[in-house]
Amino acid sequence: MATNTLDTKAVAAWLTDHLDGFEGPIEAEKFPGGQSNPTFLLKTPARDYVLRRKPPGTLLKSAHAVDREFRVQTALADTDVPVAKMHVLCDDDDVIGSMFYVMDRVNGRNFDDPRLPDLTNAERSAVFDQMNTVLAAIHTVDIDVVGLSDYGPEGNYFERQVGRWTKQYRASETETVADMDALIDWLAANMPEDDGKRTLVHGDYRLDNLLFAKDSTDCIAVLDWELSTIGHPYADLAAVIMQWQMPPGGSGRGLQGVDRAALGIPSDQAFIEAYCRRTGTPGIEGFNFYLAFCFFRMAAIIQGVLKRALDGNASNPERGRKMGEYVPLFARAGLEAAKNG
């Protein structure tokens with residue numbers, strides 16, 4: 001089955017048996033984003049839902065973990081982290097060809113461009129402050145209380161992640177990228193010792209994975225938890241800073257060269273300091289490693305998107321091929337971050 005279609009009759013039949021109060025029929029509309037896990041708006045006569053599924057076809061091991069997305073968002077329901085209400089998980093691949101879950105539709109605003117051109121300076125500042133507040137909330141969740149202490153293994157998170165994403169990158173490699181090879185070597189040689197920090201991490205925390213209220217700057221949902229785990233909080237923080245170093249516009253979605261002060265957007269340092277205040281962190285040494293790591297991981301993720309596009313399994317093949325052009329750029333930026341430590 002193509003990733004841009006959905007067997008609505010099969011979904012409706014399954015939901016009728018498994019979701020209290022559900023009444024079909026269903027109309028499905030695919031969201032344009034969600035390169036990894038195709039996501040659909042489900043319209044029914046009574047209300048709207050959102051369905052998120054694994055893509056069909058041969059997949060990399062441990063990728064597209066919609067069951068983990070479902071678990072973590074269910075666990076966060078009564079915390080300070082805003083998430084959509086989870087309804088049901090279908091782990092029977094025979095229903096539509098792959099695992100899926102259904103959640104509430106959160107009708108909010110999504111910002112693709114961190115310059116926030118349609119907002120005032122005060123609104124921009126408030127949006128970024130919310131982004132900071134929610135990130136701190138994620139990292140201060142009591143993982144024992146919410147039942148997530150086993151959501152990720154013990155040990156050195158960065159060592160584990162570099163190993164995992166190196167394997168994923170090699171499995172989806174389509175050409176030799178010398179900077180990526182050099183970055184992998186640098187990360188392995190400069191691995192920090194495990195400092196004992198162990199929190200929930202989102203894994204892909206950036207502005208366009210947040211939903212904001214239609215009539216305010218309140219963040220009302222954090223989306224796309226596929227890469228979440230128990231790990232080191234600085235990975236999420238560095239991912240935010242990494243994104244801002246990208247070129248502005250539709251592809252890079254960054255703040256490179258932007259006069260942030262003139263727009264009411266915080267500097268990297270101001271954002272980091274606000275995060276440290278909220279989490280009670282005295283300061284962060286060796287931030288260049290965490291930044292280099294984030295560039296590396298994003299390059300590996302994009303390489304996987306490119307490989308799926310070339311294999312015909314991507315949610316949006318044309319966009320996947322375009323994204324693939326950024327693999328060497330992320331690798332080079334990771335090396336530059338490494339050298340600036």
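Caption draft 1: A look at the sheet that holds strand S3 (residues 48-53). Spatially, 5 strands are ordered S1-S2-S3-S5-S4 in an open sheet, and the strand pairing comes out antiparallel. The sheet is open, and its two borders are formed by strand S1 (27-30) and strand S4 (86-90), each paired with just one other strand. Averaged over all pairs of adjacent strands, the angle between strand axes in this sheet comes to 25°, irrespective of strand direction. As defined by bridge partners, strand S2 (residues 39-43) adjoins S3 across 5 bridges and the pair is classed as antiparallel. By the bridge assignment for S3, Leu-42 is matched with Tyr-49. Across the sheet, helix H2 (residues 66-75) lies against S3, S4 and strand S5 (100-104), angled at about 155° from S4, the strand it touches most.

Caption draft 2: Seen up close, unusual backbone geometry. Of note, the amide linkage connecting Gly-24 to Pro-25 takes the cis form, showing an omega dihedral of 5°. You can see Pro-25 is positioned in the loop between helix H1 (8-18) and S1. We note that Leu-116 has phi near 45°; this positive angle belongs to a residue other than glycine. Mapping Leu-116 onto the fold places it in the loop between S5 and helix H3 (121-139).

Caption draft 3: Here's a closer look at the environment of Gly-163. Within the secondary structure layout, Gly-163 lies in helix H4 (residues 157-172). Along the primary structure Gly-163 and Leu-207 are separated by 44 residues, whereas in three dimensions their C-alpha atoms are 27 Å apart.

Caption draft 4: Representation of the side chain of Arg-253. Position of Arg-253 among the secondary structure elements: in the loop between helix H6 (234-244) and helix H7 (260-263). Under the relative-accessibility criterion, Arg-253 is labelled buried at 14%. A polar contact of 2.8 Å, which involves the side chain of Arg-253, links it to the side chain of Asp-208. Setting aside its immediate chain neighbours within four residues, Arg-253 contacts Asp-112, Pro-114, Arg-206, Asp-208, Gln-243, Pro-247, Pro-248 and Arg-319.

Caption draft 5: Spotlight on the pattern of salt bridges. On inspection of all chains with the given rule, the structure shows 17 salt bridges. The residue Asp-224 makes a salt bridge to Arg-52 at a minimum N-O spacing of 2.7 Å. In this pair, Asp-224 sits in the loop between strand S8 (219-222) and strand S9 (229-231) while Arg-52 sits in strand S3, placing the two residues 172 residues apart along the sequence. Ionic pairing is found between Asp-181 and Arg-170, a salt bridge with its closest N-O pair at 2.9 Å. Here Asp-181 is found in helix H5 (residues 178-189), whereas its partner Arg-170 is found in helix H4, with 11 residues between them in sequence. Given a relative accessible area of 22%, Asp-181 falls into the partly exposed group.

Caption draft 6: The arrangement of the packing of aromatic side chains in detail. Tallying each qualifying case throughout the model produces 18 aromatic pairs. A centroid spacing of 5.5 Å and a plane angle of 75° characterise the contact between Trp-14 and Phe-100, whose relative ring orientation is edge-to-face. Here Trp-14, found in helix H1, pairs with Phe-100, found in strand S5; they are 86 residues apart in sequence, far enough to count as distant. Using a relative accessible area of 12% as the deciding quantity, one classes Trp-14 as buried. Under the relative-accessibility criterion, Phe-100 is labelled buried at 0%. Residues Phe-158 and Phe-293 carry aromatic rings whose centres are separated by 5.1 Å and whose planes lie at 85° to one another, so their mutual orientation is edge-to-face.

Caption draft 7: Broad picture of H1. Taken residue by residue, H1 has Ala-10, Val-11, Ala-12, Trp-14 and Leu-15 as its buried positions. Packing partners of the buried residues in H1 comprise S2, S3, S4 and S5.

Caption draft 8: Molecular detail of the packing of H3 against helix H8 (residues 268-279). It is the contact of H3 with H8, at a shortest axis distance of 9 Å, that shows an interaxial angle of 40°. Here H3 is positioned oblique relative to H8, judged by the angle of their axes. The interaxial crossing formed by H3 with H8 has right-handed handedness. Contacts from Phe-128, Asp-129, Met-131, Asn-132, Thr-133, Leu-135, Ala-136 and His-139 in H3 reach Phe-271, Ala-274, Tyr-275, Arg-278 and Thr-279 in H8. In terms of residue class, the contact of H3 with H8 is built from 7 nonpolar, 4 polar and 2 charged.

Caption draft 9: Local environment of the environment of Tyr-169. Among the secondary structure elements, Tyr-169 is positioned in helix H4. Sequence separation of Tyr-169 and Val-102 is 67 residues, and the distance between their C-alpha atoms is 30 Å. Beyond its immediate chain neighbours, meaning those up to four positions away, Tyr-169 contacts Glu-175, Val-177, Met-180, Ile-184, Ala-300, Gln-303 and Val-327.

Here is what the cut-offs are and how they apply
Residues numbered from 1 in each chain as written. Predicted model: local features only at pLDDT ≥ 70, side-chain atom pairs only at ≥ 80, totals over all residues. Heavy atoms only, no water. Pairing = 2+ DSSP bridges. Helix = DSSP H or I, 4+ residues; strand = E, 2+ residues; numbered from the N terminus. Axes fitted to C-alpha atoms, helices over the stretch in contact; angles between N-to-C directions. Contact = heavy atoms within 4.5 Å. Buried < 20%, exposed > 50% of the residue type's maximum accessible area, 1.4 Å probe, protein only. Polar contact = N/O pair within 3.5 Å; in protein donor to acceptor, adjacent residues only side chain to side chain. Salt bridge = Lys/Arg side-chain N within 4 Å of Asp/Glu carboxyl O. Phe/Tyr/Trp six-rings, centres within 6.5 Å; stacked < 30°, edge-to-face > 60°. Parallel < 35°, antiparallel > 145°, perpendicular 65-115°, else oblique. Left-handed = near helix turned anticlockwise from the far one by under 90°. Nonpolar A, V, L, I, M, F, W, Y, C, P; charged D, E, K, R; others polar.

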